[in-house]
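Chain residues, written in single-letter form:
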Amino acid sequence: EWSTWFNVDHPGGQGDYEQLDAIRFYYHERVCDSPRALEARTTDWTPAHSTGETVHLDPRRGFWCVNAEQPEGRNCSNYAVRFLCPKAPGAAAEGVWGPWSEWSPCSAQCGGTAVQMRSRNCNSHSHHWEKECIGPTVEGRMCKGPSCTVCNLSCPMGHVNAECEACMCEEHLLLGTVRTAAGLPVPGAALLRVGKTAKLLTLTDHNGHFSIPGVCPDGNTTLRVKLEKYAPETVTVPSSNDKVSVIHVKLQRPEKPHVLKNPESKARREGQTAAFCCKVGGQPEPDNYLWYHNGTLLDRKQFQYDSTLVLKKLKKSQAGEYHCKASNEAGTIKSQSATLTVIGPEEPSCKPEPESHLIRLPHDCYQNSSNSFFYDVGKCPTGTCTGQLDNGIRCKDTVSYCCGVEKMEQKQITCKGYTLPTMVITECGCQKCVDTKVIVRGRAVAADNGEPLRFGHVFMGGVRVSRTGYKGTFSIQVPFDTERLVLTFVDHMKKFVNTTKVLPFNKKGGAVYHEVKLLRRKAPVTLLSSETNMISLGEKEGQDPIAELQIPPNAFYRENGEVYVGKVKASVTFLDPRDISTATAAQSDLNFVGEEGDVLPLVTYGMFSVDFTDEAMTESLNAGKVKVFLDSAQVRMPEHLSGMKLWSLNPETGFWEEEGDFHLEKTRRRKREERSFLIGNMEIKERRLFNLDVPENRRCYVKVRAFRSERFMPSEQVEGVVITLINMEPTPGFSSNPRAWGRFDSVITGSNGACLPAFCDDQKTDAYTAYVMANIGGEELEAVSSSPKFNPNAIGVPQPYLNKLGYRRTDHEDPKMKKTAFKMNVAKPSPNAAEESNGPVYSFENLKECEEAPFTAGHFRFYRVEGDHYDYNTVHFNEDDPMSWTADYLSWWPKPMEYRACYIKVKINGPKEIMVRSRNMGGTHPQTVGKLYGIRDARSTRDMDQSNLSAVCLEFKCSGMLYDQDRVDRTLVKIIPQGSCKRDSVDSMLQEYLVNHLPLAVNNDTNEFTMLAPLDPLGHNYGIYTVTDQDPRTAKEIALGRCFDGTSDGTSRVMKSNVGMALTFTCGDRQATRQSVFQALQNSPGQTLVSAVRESRRSRRQRGSRRPRITQVPLRRTTAG
């Protein structure tokens, strides 16, 4: 029977050796004395005979694979072995021959014959073994040599060599040098001639020089230059008639593989074809791809895959998750998983029944049937579907199909005295997906005082894609196939450190806002290149530096490799994790790629940016043999000492890559007492950003949801919110007093919230703590209160787990603090505690469980502080999800990817803040005239200096083309203040525009204002603010900011009540027994304006009041004077 699998060696050094003696040493009782056979496979479950590698198997000795025997550019894989043993435990193979060895190589020349030999051993331990082992010990067989071939190689110069592999020119000499990209000589580099088999020609000397005689300068001879830790370089010897040729080679840092394009999820029917594609970059370019289905390696011979996996004649058993793994000499990377959904021939591609989705109704629309102010309009589940696809093999479907609205019905909701129309989804189906665009925008500002990065450059993939504005603002449309958005912000004024950020974005479409914090560049100091220079790394006042840099004499050199002598201007900026305010300025996302291709997290002990120039500050300098002394006393978690490494940032991929290790050493440095330091070596060349980090494997996920208000319901969730988690470390003995932050992560909320990666511990509850924050469009959301007492139902986490997690909002002890974050212990859930198995903290391997957790599972909550405003659309649309747009004449936004937001600014003279409504109906389009688009309510904001003055910016539906793009509709907009109000004035320029752009709405009632909305984007001079953007929320935020500011290009969060007004109303205190025209219209929307006024007159006559005179006067153009 077969033994278990053993793996006692790894393919470092000379190869992989799974020797029987070593296995017996570690697993003595698990291997029999005389194995009958041996089987080997890689750790990826590839059989040894399928790897294409040269390997050796002998059950008496074990297994071995030698790197030197492998094809050029390849090393041995990591193998595991198992042995076939006799069934009787411990039974010796007495009197039984051992297995035959492999046949010896055939030594016959071409056209000839020879004899191959093999042997076996007798396993008997008896003195009479000859009687027990009968038969030959050695046997042979005849073998033939290879067929003789004629050399067809022709040489334009010189002659063919004896092996018929290359052309030789004895009188020619090839000279050259090999240097690094930084200009340093490279000793020991191997130069090989490229051919059927690579042949080593020479090695470079200590100066990086080489000399190769006999190489023909014919323009065809190709050489390959290789050296460990550098990417191989291929060069061609140029054509020349000279007897001596010279070439220069530069070796680049190897570029680890990184995913350029992940495979895409697909839906197919049984019998159809699906193709998954994986695009991976790196230097050298990755050439080895593996594909996995639900974590199991797929047979390359069966599926014939490379970077593309094609699945034909699909079966339901092939549904599931697929991912690829690609590798080159520098490492391995694993792609994200894509889901394949396989549907039966007659099954519906989308579930036809809509899901429940509640919308909030106006304050006077209480529903007795549900005992609430909510109404179920339904929604269709998101996801891909099959659609009308053929069997073509393609990476991306030419047309994307999504589940969407198939049918809607108009329902009339009964409100207090009137009915409200709404469209309810009755059936879902498979339709073409709504085209969306992905936008990332924000501001780049200083971390210390908020100073904007003015007119800075924004790079992506080494190409400038944008610039920041005067206020540091930027906006970038994310390219369609982007998987990881890596942006580098460069300040040409040299005020700030060049900053690389990995910014999350919403792949479903829409805009996400990010506040990018930049570290201010340290002022340069002067160093002497001929002396030893020490630079401290530490910014915490009153505390020792975390580390020091030691630069030896004559270590600076120019980019051409020449040693620099003179004064050096050195600017070294250190990000100190002991200062929590620096967390948001951390570079990249503190991730690296592990040996198996997984993206793994790091804990930082500090980052530093290095800038060395000559005295005139015109030429950048490199530095070699730099030492880093890390004070071990600053590493407060002892288990981190052995794992500490030095890393550098790859600005193209945003991943950190290992630069070197540290070793512990006791030494005296500046102080008299002996101290322990972690010492590492580094070179400062093309990369200038470094990190003192430890890989950490104690990982979890924290579930967080964001809401529009304090109504914590599934339908009130908000997508596109940036949730940020800062991991903290405790000080030993003072676990409630975090010492330093160690990691910074951000995630975008989707339809089911967000799962944030965090460090956690299963032994000590507060080994890691975290601060969590939420932001949308620059607005900070509030966390649920934790004082004066806990409300687990509001927080979203049940007891007693909530107490274990130590939830505290930031104002828990000081009410003056902001309410926009909470602190928690990241305690890993215990498998023995049932109450901890349902969120909000999930172990690292349960990410899918976290992402798919139902709303009833534990989660933390943030919410927007609900202002006094209300939005209602007849056709529901989730502005956080552009995919929810529905093609209907009554859609508020008639065209996806082009969202136009319109606001009107209204001034209120009066002692109170009042609600103002815009009622928006079809005005001129035959399909919508007289039909309701939607309602917007907003409360006026009091002027900070004048108590009797307030103003409101009120949204209305813009005029323009409807969804069919056939003809224009001028929206009929009514602006109705709630209360006893009288219209005082209309902006003269707005009035003139309306008179000149007929038809003109009649304004007989001075309690309100009616207009057919302008088609043109007017501006602050008219009191109308219009913004068009690819994201609805962005368009509204920009337009609202301009309206508050009263300008056409500015922005403000403070209402300016005396500029940019369209309308002015005077509102007084209302008598308790008197009903306004506004209320009459709300209670009876079918009532005409004239009848409402007559009711008002009749009421006043009954009270004996004086009847005012009402005259119908249409608006006319007025002129000054």
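Above this text is the structure in question.
Residues numbered from 1 in each chain as written. Predicted model: local features only at pLDDT ≥ 70, side-chain atom pairs only at ≥ 80, totals over all residues. Heavy atoms only, no water.

Visitor: Residues and numbers for the pairing of strand β33 (residues 473–477), please.
Guide: Along β33, the buried face is formed by F474 and I476; none of T473, S475 and Q477, which line the opposite face, is buried. With five bridges joining them, strand β30 (residues 438–446) and β33 adopt antiparallel strand pairing. Directly across from R443, in β33, lies its bridge partner T473. (Buried < 20%, exposed > 50% of the residue type's maximum accessible area, 1.4 Å probe, protein only. Helix = DSSP H or I, 4+ residues; strand = E, 2+ residues; numbered from the N terminus. Pairing = 2+ DSSP bridges.)

Visitor: Account for the sheet that holds strand β63 (residues 932–939), with residues named and values stated.
Guide: Reading across from one edge, β60-β63-β62-β68-β70 is the order of the five strands in this open sheet, with antiparallel pairing throughout. Each edge of the open sheet carries a strand with a single partner, namely β60 (869–873) and β70 (1009–1012). Neighbour to neighbour, the strand axes of the sheet diverge by 10 degrees on average, direction disregarded. Pairing analysis gives six bridges linking strand β62 (residues 915–921) to strand β68 (residues 972–977), with the strands arranged antiparallel. Residue pairing across strands places R917 opposite I976, the latter belonging to β68. (Axes fitted to C-alpha atoms, helices over the stretch in contact; angles between N-to-C directions.)

Visitor: Outline the state of the cysteines, supporting the account with residue identities and numerical values.
Guide: Scanning the entire structure with this criterion turns up 18 disulfides. Disulfide partner of C106: C143, at an S-S distance of 2.1 Å. Residues C106 and C143 are joined through a disulfide that is right-handed, its torsion about the S-S bond being 90 degrees. With C106 in the loop between β5 (79–84) and β6 (113–119) and C143 in strand β7 (residues 138–144), this residue pair connects regions lying 37 residues apart in the sequence. (Disulfide = S-S within 2.5 Å.)

Visitor: Quick one: what's the story with the environment of P840, residue by residue and with numbers?
Guide: Note that P840 resides in the loop between β57 (821–825) and β58 (841–843). Put simply, P840 and K703 are 137 residues apart on the chain and 5.0 Å apart in space, counted from C-alpha to C-alpha. When neighbours within four sequence positions are excluded, P840 is seen to be in contact with Y701, V702, K703, V797, Y801, L805, G858, H859 and F860. (Contact = heavy atoms within 4.5 Å.)

Visitor: Describe the pattern of salt bridges, with residues and values.
Guide: Under the counting rule described, the total for this entry stands at 44 salt bridges. Ionic pairing is found between R558 and E562, a salt bridge with its closest N-O pair at 3.9 Å. Between K1036 and E955 there is a salt bridge; the shortest N-O distance is 3.5 Å. Separated by 81 residues along the polypeptide, K1036 in helix α8 (residues 1032–1045) and E955 in strand β65 (residues 949–956) bring together distant segments of the chain. A single burial state applies to K1036 and to E955, both of which are buried. (Salt bridge = Lys/Arg side-chain N within 4 Å of Asp/Glu carboxyl O.)

Visitor: Explain the side chain of T221 residue by residue, including any values.
Guide: Along the chain, T221 turns up in the loop between β12 (209–215) and β13 (222–226). On the accessibility criterion, T221 (12% relative accessible area) is buried. Looking at T221, its side chain comes within polar contact range of the main-chain oxygen of C216, at 3.2 Å. Polar contacts involving the side chain of T221 include one to the side chain of D218, which spans 3.1 Å. (Polar contact = N/O pair within 3.5 Å; in protein donor to acceptor, adjacent residues only side chain to side chain.)

Visitor: So, unusual backbone geometry: which residues are in play, and what are the values?
Guide: Here Q283 and P284 are connected by a cis peptide whose omega angle stands at 5 degrees. With respect to the helices, strands and loops of the structure, P284 is situated in the loop between β19 (279–283) and β20 (288–293). Following G839, the chain continues into P840 via a peptide bond in cis, with omega recorded as 10 degrees. Of note, the phi angle at K313 is positive, near 50 degrees, even though the residue is not glycine.

Visitor: If you had to explain the packing of aromatic side chains to someone new, which residues and values would you point to?
Guide: Counted according to the given criterion, the structure contains 23 aromatic pairs. Relative to Y470, the ring of F455 has its centre 6.3 Å away and its plane inclined at 50 degrees; by these criteria the two rings are tilted. Within this pair, whereas F455 is found in the loop between β30 and β31 (457–460), its partner Y470 is found in the loop between β32 (463–467) and β33, the two being separated by 15 residues in sequence. Note on F455: relative accessible area 40%, which makes it partly exposed. Relative accessible area serves as the criterion here: at 51%, Y470 is assigned to the exposed category. The interplanar angle of 70 degrees and the centroid separation of 5.1 Å between the aromatic rings of F707 and F712 together place this pair among those described as edge-to-face. Across the pair, exposure class does not vary: F707 and F712 are buried alike. The structure contains a cluster of three or more aromatic residues connected by ring pairs, namely F707, F712, F855 and Y863. It is R484 that lies over the ring of F655; its NZ or CZ is 3.8 Å from the centre. (Phe/Tyr/Trp six-rings, centres within 6.5 Å; stacked < 30°, edge-to-face > 60°. Lys NZ or Arg CZ within 6 Å of the ring centre and 35° of its normal.)

Visitor: Outline the sheet that holds strand β36 (residues 510–518), supporting the account with residue identities and numerical values.
Guide: Sheet architecture is open: three strands sit in the order β33-β30-β36, paired in mixed fashion. Edge strands, defined here as strands with exactly one partner in the open sheet, are β33 and β36. Averaged over all neighbouring strand pairs, the angle between strand axes comes to 20 degrees, with direction disregarded. Where β30 and β36 come together, nine bridges link them in parallel fashion.

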